[in-house]
Amino acid sequence: MDSFGSASELCAGDRRYRYFSFVPLRELGYDIDRLPYSLRILLENLLRHEDDSAVTAQDIRTLAGWNPKVPSGREIAFMPARVLLQDFTGVPALVDLAAMRDAMAALGGDPKKINPLQPVELVIDHSIQVDAFGSRQAFDHNEELDYKRNEERYAFIKWGREAFANFIATPPNAGICHQVNLEYLARVVFGLGKEARQDGSNLPLAYPDTVVGTDSHTPMVNGLGVLGWGVGGIEAEAAMLGQPISMLIPRVIGVRLTGALPEGSTATDLVLTVAEMLRKKGVVGQFVEFYGPGVSSLALADRATIGNMSPEYGSTCTIFPVDQVTLDYLRFTGRPKERIALVEAYMKAQGLFHTPDAPEPVYSDTLELDLSRIEPSIAGPRRPQDRIRLSQAKEAFQEALPSLLPGHPARTQKTAAAAGAGPCRAEGVWGEGEEVESLRTGCEAEKLRHGSVVIAAITSCTNTSNPSVMVAAGLLARKAVEKGLKSKPWVKTSLAPGSRVVTDYYDKAGLTPHLEALGFHLAGYGCTTCIGNSGPLLAEVSEAVRRNGLVVASVLSGNRNFEGRINSEVRANYLMSPPLVVAFALAGRIDIDLDREPLGEDREGRPVFLRDVWPSSQEVERVIAEAIGSDMYDRTYRRIYEGDERWNALQVKRSELYSWNPVSTYIRRPSFFDGMTRQAPERVAEIHGARVIAMLADSVTTDHISPAGSIQKDSPAGRYLIGQGVEPKDFNSYGSRRGNHEVMVRGTFANVRIRNRLVPDVEGPFTRYLPSGEIMPIYDAAMRYKEDGTPLIVLAGKEYGSGSSRDWAAKGVALQGVRAVIAESFERIHRSNLIGMGVIPLQFMDGQSIETLGLDGEEIFDIEGFAEAVRSGFAGGTGLTVRARAHDGVAAADFKVRVRIDTPQEFRYYCHGGILHFVLRRLLLGADLREQKAEGLPATPQPARGQKPPDEIVEEGSVESFPASDPPAY
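Residues numbered from 1 in each chain as written. Predicted model: local features only at pLDDT ≥ 70, side-chain atom pairs only at ≥ 80, totals over all residues. Heavy atoms only, no water.

How do you make sense of the overall build of the chain when you look at a structure like this?
Secondary structure summary: the chain contains 33 helices and 36 strands in total. Its C-alpha radius of gyration of 27 Å places the chain within 12% of the 30 Å reference for a compact globule of 970 residues. Buried residues in the chain amount to 66% of all 970 residues. Contacts spanning at least 24 positions in sequence make up 78% of the contacts within the chain whose residues lie at least 6 apart. With an accessible surface of roughly 32,100 Å², the chain has 48% of that area assigned to carbon and sulfur atoms. Side chains of the chain carry 107 positive and 124 negative charges; the gap between the two charge centres is 1 Å. (Helix = DSSP H or I, 4+ residues; strand = E, 2+ residues; numbered from the N terminus. Rg over C-alpha atoms; globule rule 2.2 N^0.38 Å. Buried < 20%, exposed > 50% of the residue type's maximum accessible area, 1.4 Å probe, protein only. Contact = heavy atoms within 4.5 Å. Areas by Shrake-Rupley, 256 points an atom, 1.4 Å probe, with all protein chains shown as cover. Lys, Arg positive; Asp, Glu negative; His and termini not counted. Charge placed at Lys NZ, Arg CZ, Asp CG, Glu CD.)

Take a look at the structure:
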């Protein structure tokens, strides 16, 4: 469908393409050139997918006529071009697809119909841990342990790579998903080779690369001009299977850049300044876009560093327009010349190519940043936005020390979970209790004191994707070694880049021996310390920290530093550039003024200051020019899917259907499709005689509902694993076991800091089984209710489901038997996820709440006329009556609620029992699928009401939230 006649042709080199042009909209009087770059990408997406159902002509008109000063209430359907996964969030998505194939076969259909309809790319990066360090054998040892822990998960991913079309996965240690995306996967513009889609003209279709990813730092690719952001697993699975992602037309904040970075300042200093500035501004849930004369002075890798940290300041994305710098980077990273020609031709034809003299778009609001004012910075000790000038690091630590001491109350609910979790998690996260391996001896633990740096990690795609800061780290190491400096023996040092290209150019530049001389040996190619896979401290160091109650520090080139995240024994964590990580490893302490105090002494006993070893920008640029070439990227990524001996030794039987291992504790066939019929049920079951499983306050996050962190030995999930023969030291985390619904349903509401008002004097995952009043774990009570045939509901306050867009927060409650959640308001994506799993979201009427209605959670609940309302498509409206009665049958309260099924498409999902059931039946039955009509729902999607999440919602900072890389849901 093409209501505006936008289909046109363009030439790129000697090739012709079809594309959807903005010219007809301009001719209708729409000032397309004033729209922010990001909204123009969304506008093209609507033009290309117009079907008068998910995308209407009015959607296109509304976005084309966007008013930056008037917030839009219109919801639009976005169809990303591809989906990016990492292994923690990708495995459960793959499990669901495998289970859908089983269900398709059971219903008499063709399992091969269950395939992603667009490219799905998975990079295994979240599992490797820094167990060994400080030796040339560290990488091999860490990889060996990684396969030992995760062999079953990796074999399953390898099976999926063979079984599904449009799905590809890298072996472990190929890099970090966002760096691989930036350097290799991102197309910027689709239209070449196998990716080309043809229409009736038989010409390949050219269109912008867009992506959603199941990791919060997906916006890193925004630096390349590719629009993308993080989503939850349910949304990602829906996108894989051709379903649109609903979103409100966003506000767009423009950041005007002027000037250029000064000598001595790095991209890391810039991004920490941006994080501080945008958190103060308040950009949660909004698009951020950079423009102005300073844009062209920023290297592509610097732009990507800024995009990477979008979740740290709360924006959905942080994008830069395509320009000459983009084209140069595509050449630098070895992209084919045909790709570069297509990107240039398409972006210029659409008016999307940025030049310094281009007219500036209009924005909902603007900020200005002078790059010449950026100064060396670090951030910490608890949050990425808490920037500290490097010269003030010493006094900042001393000021923070009293609040970091053991036993001091943490400042937010999330950090409280970290501060209080110590005694509950003796096994630690990912084997922190195991013995560390290092060739280092004599760690001088007796010299440790408050402020000692015990972890120094060059890690994370945030910075290891940036050759300027990585080369600077290597040059600083070379100068330090030449002067006779050494890292302090108590510091656990590691190098874990997000791409193998990094070690290639370190070798060619001759910088590897100098880094290794300071202990920065290769530990792995993955997220490692940045997501908490720092591994154990040296035993002597760990003992000294515990014995003396020390507040020790980590320094890392990562993007998150929440308390308890990096290592459970490290209370102060600081983000900084890679060269500063090396510098603090030399100093051995965070409480140092690097302007006035030396890093150490040279061989003649003379003091050596940071300024004596800091490389100049000219030195860095010279090494980059001499040591890094596009052939490195081409050579690395040509082999990215091949794998090493360990990967190729994994035995996988090629098959359409997965052979589930009945004794597996990592990969189990989920029960979502058990008992599924070919057609949707004629009528949904009534909700009568329901009991409350949890009565919760405001701002309950998905982290409370489905933690990703450590599994307690005495929890239902812990007892299950022990019953399966798994020792506590091998529990791993909830995040690593998301492919096993038996673990995850037991982990629902398992956060040790959740407060269920049914048991007001008990903190943690407990409830009262009614009517007996017996206190027990929530999972145990849910199973007892299920045996009784009793439906369950959850009562909550405002902003239920804030925080990460964690799909298991919806899947888990559905499997526990929860039929409805009644809350004052819902986070938008979690509300949608509940519907996607067949759980009905109900909202109290304005001014009503648990408190105003006098509910105590012991009532028996009937939702009157629910089944008939669904059968009629809510012909009588979306208001329902809830009758709450006491156990003796006496009426306690009758109150109205509003059904929060907001669109006809959501209604269809719910009638089918969830989004995956709907998609499965659609693929099974095609045109014979019985369509449910939603007469009482508005034809135009309506926005979910809600408030801006509290500031701390963005944090995800507790041990319970490890690894905290699920995308934010706001």
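I tried to follow the confidence of the model for the chain on my own but got confused; where do I start?
Low pLDDT means the predicted coordinates in that region are not meant to be read closely. In the predicted model, the chain carries a mean pLDDT of 90, and 91% of its residues have values of at least 70. With pLDDT under 50 throughout, residues 409-435 is counted as low confidence; its partners more than four residues away or in other chains account for 67 contacts. A low-confidence stretch, residues 939-964 stays under pLDDT 50, and its non-local contacts, those more than four residues away or across chains, total 99 contacts. (pLDDT = per-residue confidence, 0-100.)

Looking at this model, I keep getting lost on the sheet that holds strand E15 (residues 252-258). Mind explaining?
In a beta sheet, neighbouring strands are held together by backbone hydrogen bonds and run either parallel or antiparallel to one another. Taking strand neighbours across the sheet as the criterion, the four strands line up as E17-E16-E15-E18 in an open arrangement whose pairing is parallel. The strands lining the two open edges of the sheet, one partner per strand, are strand E17 (317-319) and strand E18 (365-370). This sheet shows a mean twist of 20 degrees between the axes of neighbouring strands, independent of strand direction. Across six bridges, E15 lies against E18 in parallel orientation. Note that in E18 the partner of valine 255 across the bridge is leucine 367. Helix-sheet contacts for helix H8 (residues 267-281) involve E15, strand E16 (287-291) and E18, and the interaxial angle to E18 is about 150 degrees. (Pairing = 2+ DSSP bridges. Axes fitted to C-alpha atoms, helices over the stretch in contact; angles between N-to-C directions.)

Mind showing me how you'd approach the packing of aromatic side chains here?
Where two aromatic rings form a pair, the distance of their centres and the angle of their planes describe that pair. The full count for this structure, using the stated rule, is 26 aromatic pairs. With a centroid separation of 6.3 Å and 35 degrees between ring planes, the pair formed by phenylalanine 156 and tryptophan 660 is classed as tilted. Residue phenylalanine 156 is found in helix H5 (residues 138-163), and its partner tryptophan 660 is found in the loop between helix H24 (645-649) and strand E28 (687-695); the two are separated by 504 residues along the sequence. Overall, tryptophan 660 belongs to the buried group, its relative accessible area being 19%. Clustering of aromatic rings is evident, with ring pairs tying together Phe156, Trp159, Phe164, Tyr658 and Trp660. Note that arginine 784 overlies the ring of tyrosine 769, its terminal NZ or CZ placed 4.9 Å from the centroid. If you follow lysine 811 out to its NZ or CZ, it ends over the ring of tryptophan 808, 5.4 Å from the centre. (Phe/Tyr/Trp six-rings, centres within 6.5 Å; stacked < 30°, edge-to-face > 60°. Lys NZ or Arg CZ within 6 Å of the ring centre and 35° of its normal.)

I'm lost on the sheet that holds strand E34 (residues 860-864) in this one. Help?
Pairing in this closed barrel of seven strands is mixed, and the strands run E28-E31-E32-E33-E36-E35-E34 around the ring. Taking the axes of each pair of neighbouring strands and ignoring which way they run, one obtains an average angle of 35 degrees across the sheet.

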